[in-house]
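# Structural overview
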Amino acid sequence: MGVTLFKSCKFLFAGADPESVSTGLSVAVEDDRILFLGTEKEYCEQHPEKSLPTVIDCTDKLVMPGLVDGHNHLCNTLMNISRAFPFDYSHISDHMLTTIHDPYGWLTPESLYDITMTSAINALKHGTTTVENSTILPDTAYEAMDTSGIRGILAPQMASSFRLDSDPLNWKQALEKTKSCIEHYHNPKRRMSVAVHIHDLWDCMESLMDGALELAEQYDTRFVTHFWEFQNAVERADEMWRDDGGAFSHYMKKGLITSRSVLFHGSMLREPEIEAIAGTGASIIHNPDINGTNCGNCAYVPYMLKNGINVGLGSDYGSLDAMSAMKLMLIVHNIMPRAERVLPYQAPFYAATMGSARAYGLDQEIGSIEPGKKADIITIDLKKAPHLLPLCTSLLEVSPELLYFLFTRNCAGTTTSETMVDGKLLRRDGEFLNLDEEKFVKKTFDWTERCMTDLMEKHRFGKHYARIIHPDFMKDGDITWDVLN
């Protein structure tokens, strides 16, 4: 790929430390790695032998590391339309069949591929260069992510309480599928990691949890799950494990929460539980949009950070983006009526870069602009971003941390001028180089129309694209095992 020079950056946010913000510096990329950070003159003096086949003038651009979306479902765009049917998040398992399982079960490899591609395009367009993808049909999802050029964390979803028409694996087959994905796709040095993912604690047998933990340990990869997202789920789980001191105590005793654990949401965690998690080294991925719109709650992030928990940031839906999640993270913790309020201005930037990268053990490779790291870089053309006024270089001498505030407060909806992943430019001057955005967006709109029509037809006759195997919130000993195979 040769050398690419991001020349004379008006702003360079190399990381989340105010001391890493600068003006006038250049970034050189060779092949898939960052080669140099400094002035253009210094680069020429230190590397006179290297030609510059690609020079990107950044005198009017903000240059920063690509965002790391720590939790997403790239095929979940269809979940938005399922809200047309009756649902009640206060009885979480009761509404799952119609509003979650049916849209999932409707998906086919063709539709999932197109929707995943569209979501990856949306992510790349809004500055995300790495995305965790909790998904069904993981082979198809991998193909789409790989073709899009995004750096991926593939997380095949596993559960035992239901099966989908499109992905009808039993719990043992689901474990084997995840194992196969790890063996075929897991290569963090080459743009793809695979995480072991049980969907949630209330729709998975403990036998499945145990198998998933063993698999994560065997292959030294991350163990991920939705965790403490809905009030009703916590209440029912506490009742189920009352003799163990409640569900959280039970799962801690099981060793479910360790340094390899990545917990999505954490929006119903109480202070003692946050303190306990802090001692394990587990990470939490904050999802402020979905927690607010779906769950009516918000993770206690200031208390998590105060206790030293690594917090990443995620958008959760393919039609959302990490830029908007950064803005929401900045805002909601100013207004939540809690003892610990307000975040440092740079906290959302850190969560969306190094926080999510660290959660998946990728912080030595991505999350900041440093020589030797992978070249995942985005630029924003400030000439075409009036919403980012009044960013000004004079603040570097007065209050550089204020630049994080001005950027984060206004960044929702921002699109990139350049998006580079693994040293390869995927966008240049605000346009994709090899991805047909219009084609995939149109196909996804068409799929959405078909999905809603089909869901209404099923709903009319009381039928579904999935079937219940055993009720949620059950202990293994209370499940009839013959239905599981």
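Residue indices follow the written sequence of each chain, beginning from 1 at its first position. Where local features are concerned, this predicted model is filtered to residues with pLDDT of at least 70; where side-chain atom pairs are given and counted, the filter is 80 or more; whole-chain, interface and lining totals use all residues. Just so you know, side-chain values use all the structure's heavy atoms and leave hydrogens and water out.

### Brief notes about the overall build of the protein chain
Helix and strand definitions here come from DSSP, where helices need a minimum of 4 consecutive H or I residues and strands a minimum of 2 consecutive E residues; each element is numbered from the N-terminal end. Of the regular secondary structure elements, the protein chain holds 15 helices and 23 strands. In this treatment the radius of gyration is a C-alpha quantity, and the globule benchmark scales as 2.2 Å times the residue count to the 0.38 power. Over its C-alpha atoms the protein chain spans a radius of gyration of 22 Å, differing by no more than 12% from the 23 Å that the globule rule assigns to 485 residues. With the C-alpha coordinates aligned to their principal axes, the bounding extent of the protein chain is approximately 70 × 50 × 40 Å. Burial classes: relative accessible area under 20% of the type maximum marks a residue as buried, over 50% as exposed, and values in between as partly exposed (1.4 Å probe, protein chains only). Looking at the protein chain residue by residue over its 485 residues, the buried ones come to 60%. The contact criterion used throughout is that any non-hydrogen atoms of two residues lie within 4.5 Å. Put simply, of all contacts in the protein chain between residues at least 6 apart along the chain, 75% involve residues at least 24 apart. Residue exposure ignores everything except the shown protein chains as possible cover, and the areas themselves are Shrake-Rupley values with a 1.4 Å probe. Surface exposure of the protein chain reaches about 18700 Å², of which carbon and sulfur atoms provide 49%.

### A closer look at the packing of helix H2 (residues 92-106) against helix H15 (residues 437-460)
The description of two helices packed together rests on the angle between their axes and the distance between the axes. Running from N to C, H2 and H15 point in directions that differ by 120°, and their axes come no closer than 11 Å. Comparing the axis directions of H2 and H15 gives the class oblique. For the pair H2 and H15, the crossing hand works out as right-handed. In contact with Thr 98, Asp 102, Pro 103 and Trp 106 of H2, H15 contributes Trp 447, Arg 450, Cys 451, Asp 454, Leu 455 and His 459. Under the scheme applied, nonpolar residues are Ala, Val, Leu, Ile, Met, Phe, Trp, Tyr, Cys and Pro; charged residues are Asp, Glu, Lys and Arg; polar residues are all the others, including Gly. Residue classes in the contact of H2 with H15 are distributed as five nonpolar, two polar and three charged. Between N-to-C directions, angles span 0 to 180 degrees; the directions come from axes that are lines fitted to C-alpha atoms, helices contributing only their stretch in contact. In what follows, roughly perpendicular refers to angles from 65 to 115 degrees, roughly parallel to angles under 35, roughly antiparallel to angles over 145, and oblique to any angle outside these ranges. With the far helix as reference, a near helix turned anticlockwise by less than a right angle produces a left-handed crossing, and one turned clockwise produces a right-handed crossing.

### Considering the nonpolar core
What we call a nonpolar core is a set of buried Ala, Val, Leu, Ile, Met, Phe, Trp, Tyr and Cys residues that are connected through their side-chain atoms within 4.5 Å. The biggest cluster of nonpolar side chains holds 130 residues, and the ones touching the most others in it are Phe 13, Ile 277 and Phe 407. The element that contributes the greatest number of residues to this core is helix H3 (residues 109-125), accounting for seven residues. Residues within four places of Ile 277 in sequence aside, it is in contact with Phe 227, Phe 248, Ile 257, Leu 263, Leu 269, Ala 282, Ile 284 and Ile 309. By size, the runner-up hydrophobic cluster in this structure holds 15 residues, among which are Ile 56, Cys 58, Val 63 and Ile 369.

### Overview of the packing of aromatic side chains
We describe a pair of aromatic rings using the distance from one ring centre to the other and the angle between the two ring planes. Pairing of aromatic rings covers Phe, Tyr and Trp, the last through its six-membered ring, and needs centres within 6.5 Å; plane angles under 30 degrees mean stacked, over 60 mean edge-to-face, and all others mean tilted. Within this structure, the stated rule accounts for 15 aromatic pairs. Considering the side-chain rings of Tyr 345 and Phe 405, the 4.9 Å spacing of their centres and the 40° angle between planes classify their relative orientation as tilted. Of this pair, Tyr 345 sits in the loop between helix H12 (322-335) and helix H13 (347-359) while Phe 405 sits in helix H14 (residues 401-410), and the two are 60 residues apart along the sequence. Of the residues examined, Tyr 345 reaches a relative accessible area of 35% and is grouped as partly exposed. Aromatic rings pair up to connect Phe 11, Phe 13, Phe 349, Tyr 404 and Phe 407 into one cluster. Note on criteria: charge over ring means Lys NZ or Arg CZ within 6 Å of the ring centre, with the direction from the centre no more than 35 degrees off the ring normal. Over the aromatic face of Tyr 465 sits the side chain of Lys 458, whose NZ or CZ is 4.7 Å from the ring centroid.

### Looking at the packing of helix H4 (residues 138-148) against helix H5 (residues 171-185)
Running from amino to carboxyl end, H4 crosses H5 at an angle of 30°, the nearest separation of the two axes being 11 Å. Considering their axes alone, H4 and H5 lie roughly parallel with respect to each other. As H4 packs across H5, the resulting crossing turns out to be right-handed. Facing H4, whose interface residues are Pro 138, Asp 139 and Tyr 142, H5 presents Lys 177, Cys 181 and Tyr 185. In the contact of H4 with H5, the residues fall into four nonpolar, no polar and two charged.

### Observations regarding the sheet that holds strand E6 (residues 54-57)
The strand order across the open sheet built from four strands is E5-E4-E1-E6, with neighbouring strands paired in mixed fashion. With partners counted over all chains shown, the strands left at the sheet margins are strand E5 (33-38) and E6, one partner each. For this sheet the average axis-to-axis angle between neighbouring strands, irrespective of direction, equals 15°. Strand pairing follows a simple DSSP-based rule, namely that at least 2 bridges must link the two strands.

### What to know about the sheet that holds strand E20 (residues 418-421)
Overall, mixed pairing links the seven strands, which are arranged E3-E2-E7-E19-E20-E21-E22 in an open sheet. In this open sheet, the two edge strands, each paired with only one partner strand, are strand E3 (21-22) and strand E22 (431-432). As paired elements, strand E2 (residues 11-13) and strand E7 (residues 61-65) share two bridges and run parallel to each other. Looking across to E7, one finds that Leu 12 is bridged to Val 63.

### What about H5?
Because an α-helix completes one turn every 3.6 residues, residues spaced three or four positions apart along the sequence face the same direction. With 15 residues, H5 ought to run about 21 Å at 1.5 Å a step, and its terminal C-alpha atoms sit 21 Å apart, in line with that. Buried residues of H5: Trp 171, Ala 174, Leu 175, Thr 178, Cys 181, Ile 182 and Tyr 185, and no others. Take H5 and look down its axis: the buried residues cluster within an arc of 125°, on one side only. On its buried side, H5 packs onto H4, strand E10 (151-158), strand E12 (192-194), strand E13 (196-200) and helix H6 (206-218). The distance from a side-chain oxygen at the start of H5 to the backbone nitrogen of Lys 172 is 3.1 Å, and the residue carrying that oxygen is Asn 170. To estimate how far a helix should extend, the number of its residues minus one is multiplied by 1.5 Å. Comment: arc refers to directions from the helix axis out to C-beta atoms. Throughout this description, a polar contact denotes any pair of N or O atoms lying within 3.5 Å of each other; where both atoms belong to protein, one of them has to be capable of donating a hydrogen while the other can accept it, and for residues adjacent in sequence the pair is counted only when both atoms sit in side chains.

### Let's talk about the pattern of salt bridges
Opposite charge on two side chains lets them pair, provided their charged atoms get close. When a carboxyl oxygen of Asp or Glu is within 4 Å of a side-chain nitrogen of Lys or Arg, the pair counts as a salt bridge. The final tally for this structure, using the stated rule, is 26 salt bridges. A salt bridge links Lys 374 to Asp 422; the shortest N-O distance between them is 3.1 Å. Taken as a pair, Lys 374 in the loop between H13 and strand E19 (377-381) and Asp 422 in the loop between E20 and strand E21 (424-428) lie far apart in primary sequence, 48 residues in all. According to the relative accessible area criterion, Lys 374 is buried, its value standing at 2%.

### Notes on the pairing of E21
As paired strands, E20 and E21 are joined by three bridges and run antiparallel to one another. Bridge assignment links Val 421 to a residue of E21, and that residue is Lys 424.

### Description of unusual backbone geometry
Following Leu 389, the chain continues into Pro 390 via a peptide bond in cis, with omega recorded as 5°. Position of Pro 390 among the secondary structure elements: in the loop between E19 and H14. The phi angle at Trp 228 is positive, at roughly 55°, despite the residue not being glycine. Residue Trp 228 is classed as buried on the basis of its relative accessible area, which comes to 5%.

### Examining the side chain of Thr 408
Position of Thr 408 among the secondary structure elements: in helix H14. One polar contact links the side chain of Thr 408 to the main-chain carbonyl oxygen of Tyr 404, over a distance of 2.7 Å. In this view, Thr 408 contacts Met 326, Lys 327, Leu 330, Tyr 345 and Pro 348; residues no more than four positions away in its chain are not counted.

### As for the environment of Met 205
Along the polypeptide, Met 205 turns up in the loop between E13 and H6. Once the C-alpha coordinates of Met 205 and Asn 170 are considered, the two residues, 35 residues apart in sequence, prove to be 11 Å apart.

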